[in-house]
Amino acid sequence: MSGCNPDKEEEQRGCKMELLSEEEVAVAEQDWEAAKAAYESLASTKRPRPPKPQNAITIAVSSRALFDMVEERKIYEEQGVEKYVEYQQENENVTLKPGPAFALVKAVELVNARLRELYPDDEELFDIVLMTNNHAQVGVRLINSINHYGLLIERFCMTGGKSPIGYLKAYLTNLYLSADSEKVQEAIEEGIAAATLFTGNKNVPYDDKQLRVAFDGDAVLFSDESEIIVKEHGLDRFFEHEQLNENKPLAQGPLKGFLEDLGRLQKKFYAKNERLDSPIRTYLVTARSAASSGARVLKTLRSWGVQIDEALFLAGAPKGPVLAKIRPHIFFDDQMFHIEGARQLGTIAAHVPYGIGQKYHKSKLKDSPAKN
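The structure presented is a predicted model; accordingly, all values stated were derived computationally and were not measured.

About the cut-offs
- Residues numbered from 1 in each chain as written.
- Predicted model: local features only at pLDDT ≥ 70, side-chain atom pairs only at ≥ 80, totals over all residues.
- Heavy atoms only, no water.
- Helix = DSSP H or I, 4+ residues; strand = E, 2+ residues; numbered from the N terminus.
- Buried < 20%, exposed > 50% of the residue type's maximum accessible area, 1.4 Å probe, protein only.
- Contact = heavy atoms within 4.5 Å.
- Pairing = 2+ DSSP bridges.
- Right-handed = clockwise from strand over helix to strand, strands pointing away.
- 1 Å grid on protein atoms, 1.4 Å probe; cavity = no way out; pocket = protein on both sides within 12 Å on 5 of 7 lines; lining within 4 Å.
- Points joined across faces, edges and corners; volume = space filled by probe spheres on them.
- Domains from an automatic or database assignment.
- Arc of directions from axis to C-beta.
- Salt bridge = Lys/Arg side-chain N within 4 Å of Asp/Glu carboxyl O.
- Polar contact = N/O pair within 3.5 Å; in protein donor to acceptor, adjacent residues only side chain to side chain.
- Phe/Tyr/Trp six-rings, centres within 6.5 Å; stacked < 30°, edge-to-face > 60°.

(A) Main features of the environment of Leu 152. Positionally, Leu 152 belongs in the loop between helix 7 (139-149) and strand 5 (155-158). The exposure class of Leu 152 is partly exposed, given its relative accessible area of 31%. Taking the C-alpha atoms as reference, Leu 152 lies 8.3 Å from Pro 48; in sequence the two are 104 residues apart. Here Leu 152 is in contact with Arg 47, Pro 48 and Glu 109, once residues within four sequence places are set aside.

Structure (C-alpha cells):
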C-alpha cells in the first residue's frame, strides 16, 4: 500500500484490494452492499456508518494499546488464562482506563467528524478496528468500556489466544498498533506498517482539535540505507554519502504509506479552504543535521509528492524536549533510546522494529549484564 499514488483515489483503493484474491473481492463487495442496506434501514440510529474497508484508512489497535490492562496482564501471566477470563467476566461492568492509543483514537474520530461535515458522502475516513488475541468471553468488558467513552469502534477481531497478525491483511490494515513487540515484529515482516506503543511517564495535555503525528526519518519514513552507513562507516562517511546522493530519493520505509494517508486527508481540507484550520498536522523529528544531510530528506519527500507540516533537524540533540513542545498523539521512531527519552517527558512513543538499528539494539541487550 505504501507504493500507491496518494493523489489517485482509484489507484489507492486498488492497492488495498491487491491484498485479496478476485473471489475474496467479489464476496467482500456483496457482503458490504448487504451490510450497508441493513445499516441504512435503521433510520433511527445516530451512529455514523463505518466506511467501506477498501476506502478507509484502517488502524488496527490491540486491546492493551487502547486500554490500560497492566493488572489484567499480570493475572494472565501469573495465574493463567482461565483466571484471567474469570476476572474479566467478573469485572465486565468496571470500565477499563485509557491506554497509550486512546488519545490517538479520539483525535482520529475528530478528524472523521470534520470530514463528514465537509464531505457527507465520502467514505475515505479513518476506521479503527480492535484487533486482539483476547477470548470472546472478554468481549463484553471491552464493548462496555468502548461504549462508556463513546468511541466509534464497530469492527472487532478477537482470536481466542491465537496471533491476530494473519487477519491484518484481511482487514486491509494500513497501520497496526500493539503493546506486544513480538506481534508488531510479525506484522512488519508481513509488510504491514506497525509499531509497539509505550505510555508516557507523565500526563501531558493533548490538543483536542487537531491530530498530531510525529515521525522519525531513517528506518521509519525512509529505509535504513543511510543508517547502515552511519553504523558501519561513521558520521563523516554518512555526511559525504548524503551530499553526493542529495538528488537521489531515499527508498521508502515502513511508515511512508501512513504519512501518505495523512497527507491525502489533509488535501481534502485544503480543497475546502481549510488549510489553516486543518485537524491534521504532521512532523518530521530527526537526529539528522539540516546543513549536512537535510537536503536529501526534503527532496525525497518532494519527490514522493508528500508535504510535511514541520521538519525539525536536531543534529543529534535529544528529541524529548522538542516532542514535549509538539505534544503529538503519537511519535514513531526505530531507536529505543529515542523512545525512552520521549516517554520520560510524557510523549506516547511507538517503536518501529525495522532496519539495522534493531540488530544493534538486540546486540546491546544480549551483552547487557542485566541479561546475563
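That covers the picture; the talk isn't over yet.
(B) Here's a closer look at the pairing of strand 5. Because side chains alternate across strand 5, one face comprises the buried residues Arg 155 and Cys 157, and the other comprises Phe 156 and Met 158, none of which is buried. Relative to strand 5, strand 4 (residues 126-132) is paired through 4 bridges, and the arrangement is parallel. Each residue of the ladder has a partner; that of Leu 130, found in strand 5, is Phe 156. Handedness of the crossover is the feature at issue here: the chain leaves strand 4, passes through helix 7, returns alongside strand 5, and the resulting connection is right-handed.

(C) Spatial organisation of the layout of surface pockets. Size it by volume and the largest pocket reaches roughly 860 Å³. Of all the secondary-structure elements, those providing two or more residues to the lining of the largest pocket are strand 2 (67-68), helix 4 (70-79), helix 6 (102-118), helix 8 (181-189), strand 7 (194-198), helix 14 (336-344) and helix 15 (356-367). Split by domain, the lining of the largest pocket shows at least three residues from each of two domains, domain 1 (53-197) and domain 2 (211-365).

(D) Spatial organisation of helix 14. If you check which residues of helix 14 are buried, you get Met 336, His 338, Ile 339, Ala 342 and Arg 343. Mapping the buried residues of helix 14 onto a view down its axis gives an arc of 155°, with all of them on the same face. The positive-phi residue at the C-terminal boundary of helix 14 is Gly 346, with phi of around 100°.

(E) Quick peek at the pattern of salt bridges. Applying the stated criterion across every chain, the model contains 23 salt bridges. The partner of Asp 127 in a salt bridge is Arg 155, and the shortest N-O contact between them spans 2.9 Å. With Asp 127 in strand 4 and Arg 155 in strand 5, the pair connects residues that are 28 residues apart, well separated along the chain. Across the pair, Arg 155 and Asp 127 agree in class, each one buried. The partner of Asp 207 in a salt bridge is Arg 212, and the shortest N-O contact between them spans 2.9 Å. Looking at Arg 212, the relative accessible area reads 13%, which means it is buried. Among the charged side chains, a salt-bridge network with shared partners connects Asp 122, Glu 124, Asp 261, Arg 264 and Lys 268.

(F) Region of interest: the environment of Asp 122. When you line up the elements, Asp 122 lands in the loop between helix 6 and strand 4. Along the sequence, Asp 122 and Lys 52 sit 70 residues apart, while their C-alpha atoms lie 9.9 Å from each other. There is a polar contact of 3.0 Å between the side chain of Asp 122 and the backbone nitrogen of Glu 124.

(G) Highlighting the packing of aromatic side chains. Enumeration according to the criterion identifies 7 aromatic pairs in this entry. Here the aromatic rings of Phe 102 and Tyr 149 are separated by 4.8 Å at their centres, their planes lie at 70°, and the arrangement is edge-to-face. Of this pair, Phe 102 sits in helix 6 while Tyr 149 sits in helix 7, placing them 47 residues apart in sequence. The class for Tyr 149 is partly exposed, based on a relative accessible area of 23%.

(H) Up close: the side chain of Asp 127. A residue is classified by how much of its surface remains accessible, and Asp 127, at 4% relative accessible area, is buried. The residues contacting Asp 127, other than those within four sequence positions of it, are Pro 51, Ala 56, Ile 57, Thr 58, Ile 59 and Arg 155.

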